[in-house]
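Below, each chain spelled out in residue letters.
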Amino acid sequence: IRERTLVAVKPDGVQRRLIGDVIKRFEQRGFRLVGLKMLQASDKLLAQHYISLRKKPFYSSLLYYMTSGPVVAMVWEGHNVVRSSRMLVGDTDPAEASPGTIRGDFSVHISRNVVHASDSVEGAEREISLWFQSSELVDWEGCD
Ligand code: CMP
């Protein structure tokens, strides 16, 4: 199944110069980059992105962290990319993330976990449409 997912290098990942490492892992796995931009995320965008977390005690600190610097948003395409991305990224809590995953290799705390990846196909569609205009996504062919 060819799918798309939203992956974002969070402000701590950008500040720690990890953008290239994140891209490298998705490229070497064989996924196709179809959208890429750096932006300072607005509270409005993040409120929509994290709508399901709005009642959580960490919600305001999450928005503060996510607006503390630029984010690099990406759309990756490929076979089962949603599920595979979650495996590449590792558990939300870096303490639970296996070595070899992005979080397992680069982070220690759940509130600064370097990267985001959509958790379902429906979530990915919703998030991609929040972060990208369809004109910003590029269809291109390559070997899968
Ligand atoms: P992510 O899975 O990308 O999206 C939700 C984010 O909320 C998650 O990454 C963490 O950055 C953050 N988060 C989840 N649980 C906690 C928590 N208990 N404390 C602080 N931040 C959290």
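Scroll up for the structure.
Just so you know, these numbers come straight off a predicted model, no measurement behind them. (Residues numbered from 1 in each chain as written. Predicted model: local features only at pLDDT ≥ 70, side-chain atom pairs only at ≥ 80, totals over all residues. Heavy atoms only, no water.)

Q: Just to check I follow, could you spell out the overall build of the protein for this structure?
A: Secondary structure summary: the protein contains seven helices and four strands in total. Going residue by residue from the N terminus, the α and β elements of the protein occur as β-α-α-β-α-α-β-α-α-β-α. Of the contacts made within the protein by residues no fewer than 6 positions apart, 79% connect residues no fewer than 24 positions apart. Surface summary for the protein: the accessible area is close to 7,900 Å², and the carbon and sulfur share equals 53%. Side-chain charges of the protein comprise 19 positive and 18 negative groups, with the mean position of each set lying 4 Å from the other. (Helix = DSSP H or I, 4+ residues; strand = E, 2+ residues; numbered from the N terminus. Contact = heavy atoms within 4.5 Å. Areas by Shrake-Rupley, 256 points an atom, 1.4 Å probe, with all protein chains shown as cover. Lys, Arg positive; Asp, Glu negative; His and termini not counted. Charge placed at Lys NZ, Arg CZ, Asp CG, Glu CD.)

Q: Where do I start with the sheet that holds strand S4 (residues 115-117) in this structure?
A: For sheets, the rule is that strands pair by backbone hydrogen bonds, running either parallel or antiparallel. The sheet built from four strands is open, its strands ordered S2-S3-S1-S4 with antiparallel pairing. Of all strands in the sheet, those bounded by a partner on one side alone are strand S2 (32-39) and S4. Neighbouring strand axes in the sheet, compared pairwise and without regard to direction, differ in orientation by 20 degrees on average. With eight bridges connecting them, strand S1 (residues 2-9) and strand S3 (residues 71-79) associate as antiparallel partners. From the neighbouring strand, Arg 4 faces S3, where its bridge partner is Glu 77. Contacting S1, S2, S3 and S4, helix H2 (residues 19-29) runs over the sheet at an angle of about 5 degrees to S3. (Pairing = 2+ DSSP bridges. Axes fitted to C-alpha atoms, helices over the stretch in contact; angles between N-to-C directions.)

Q: Explain the packing of aromatic side chains to me, please; I cannot follow it from the model alone.
A: Two measures describe an aromatic ring pair: the distance that separates the ring centres and the angle between the ring planes. The tally for this structure, following the rule as stated, stands at one aromatic pair. When the ring centre of Trp 140 is taken as origin, the NZ or CZ atom of Arg 32, which lies over that ring, is 5.5 Å away. Its end group placed over the ring of Phe 132, Lys 37 keeps NZ or CZ at 4.7 Å from the ring centre. (Phe/Tyr/Trp six-rings, centres within 6.5 Å; stacked < 30°, edge-to-face > 60°. Lys NZ or Arg CZ within 6 Å of the ring centre and 35° of its normal.)

Q: Before we go on, may I ask you to explain helix H5 (residues 81-89) in this structure?
A: For the α-helix, the turn length of 3.6 residues means that residues three or four positions removed from each other point alike. Every buried residue of H5 is accounted for by Val 81, Val 82, Ser 84, Ser 85, Leu 88 and Val 89. Each buried residue of H5 lies within a common arc of 165 degrees when the element is viewed along its axis, so the set occupies one face. Exposed side chains of H5 directed beyond 90 degrees from the buried face belong to Arg 83 and Met 87. Elements that come into contact with the buried residues of H5 comprise S1, H2, S3, helix H6 (102-106), S4 and helix H7 (121-131). Remark: Gly 90 follows H5 within two positions and exhibits a positive phi of approximately 95 degrees. (Buried < 20%, exposed > 50% of the residue type's maximum accessible area, 1.4 Å probe, protein only. Arc of directions from axis to C-beta.)

Q: Help me understand helix H4 (residues 59-66), please; the structure alone is not making it clear to me.
A: By the burial criterion, the buried members of H4 are Tyr 59, Leu 62, Leu 63, Tyr 65 and Met 66. The buried residues of H4 occupy one face: seen down the axis, they fall within an arc of 160 degrees. Of the residues in H4, the exposed ones pointing more than 90 degrees away from the buried face are Ser 60 and Tyr 64.

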